[in-house]
Amino acid sequence: MMKETKYKILKNKYFWISIFFFIWMSFFDSNSFILHYKFRNSIREMTSNRDFLKKKILLEANKFKKLKTDPLYLEKLAREKFYMKKENEDLFIVSKKNRKNKLTSHMNE
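In this text the structure is predicted, and so the values were computed from the model without any measurement.

1. Let's talk about unusual backbone geometry
Negative phi is the rule for most residues except glycine; trans is the rule for most peptide bonds.
Alright, step 1. A positive phi is found at Tyr 83, a non-glycine position, where the angle reads about 55 degrees.
Alright, step 2. On the basis of relative accessible area, Tyr 83 is assigned to the partly exposed category, the value being 48%.

Below you can see the structure in the form of structure tokens.
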């Protein structure tokens, strides 16, 4: 009896049509399941990038607002980032890489 039901299923045209439909929708159709999976992943990635960029825009807007309103912050930024100085000062730049190498070389001796 079991063999007869198995053979009946294999002889059923609706079974083969449904198998063909599933294979077609999975791999060959323009709206396949694989494409839907890839699109869903890309949407997740894009939304996470969007959220990250929104946070970054807010931080930069806060920095810009602070630059416009706080002259001490503007002076600090100009000195640290652009190595600007006042007329009567000297500027000494100490590199972190060289400083670490010198410290380790003195310790080894």
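2. Re the packing of aromatic side chains
Alright, step 1. Here the structure, examined in full by the defined rule, presents three aromatic pairs.
Alright, step 2. Geometrically, the ring pair formed by Phe 15 and Trp 16 is edge-to-face, given 5.3 Å between the ring centres and 75 degrees between the ring planes.
Alright, step 3. Take Phe 15: its relative accessible area is 28%, and that puts it in the partly exposed class.
Alright, step 4. A cation sits over an aromatic face here: Lys 66 above Tyr 73, 4.6 Å from the ring centre.

3. Thoughts on the environment of Glu 75
Alright, step 1. Positionally, Glu 75 belongs in helix α4 (residues 71-82).
Alright, step 2. On the basis of relative accessibility, which here comes to 33%, the residue Glu 75 falls in the partly exposed class.
Alright, step 3. Separated by ten residues in the primary sequence, Glu 75 and Lys 85 place their C-alpha atoms 9.2 Å from one another.

4. Some points on the environment of Asn 41
Alright, step 1. For Asn 41, the location among the structural elements is in helix α3 (residues 33-69).
Alright, step 2. Reaching out from Asn 41, the side chain makes a polar contact with the side chain of Arg 44 at a distance of 2.9 Å.

5. Here's the deal with the confidence of the model for the protein
Alright, step 1. Model confidence for the protein is summarised by a mean pLDDT of 83, while 83% of its residues fall at 70 or above.
Alright, step 2. The least confident element of the protein, judged by mean pLDDT, is helix α5 (residues 96-108) at 56; the most confident is α3 at 95.

Rules of the game
- Residues numbered from 1 in each chain as written.
- Predicted model: local features only at pLDDT ≥ 70, side-chain atom pairs only at ≥ 80, totals over all residues.
- Heavy atoms only, no water.
- Buried < 20%, exposed > 50% of the residue type's maximum accessible area, 1.4 Å probe, protein only.
- Phe/Tyr/Trp six-rings, centres within 6.5 Å; stacked < 30°, edge-to-face > 60°.
- Lys NZ or Arg CZ within 6 Å of the ring centre and 35° of its normal.
- Helix = DSSP H or I, 4+ residues; strand = E, 2+ residues; numbered from the N terminus.
- Polar contact = N/O pair within 3.5 Å; in protein donor to acceptor, adjacent residues only side chain to side chain.
- pLDDT = per-residue confidence, 0-100.

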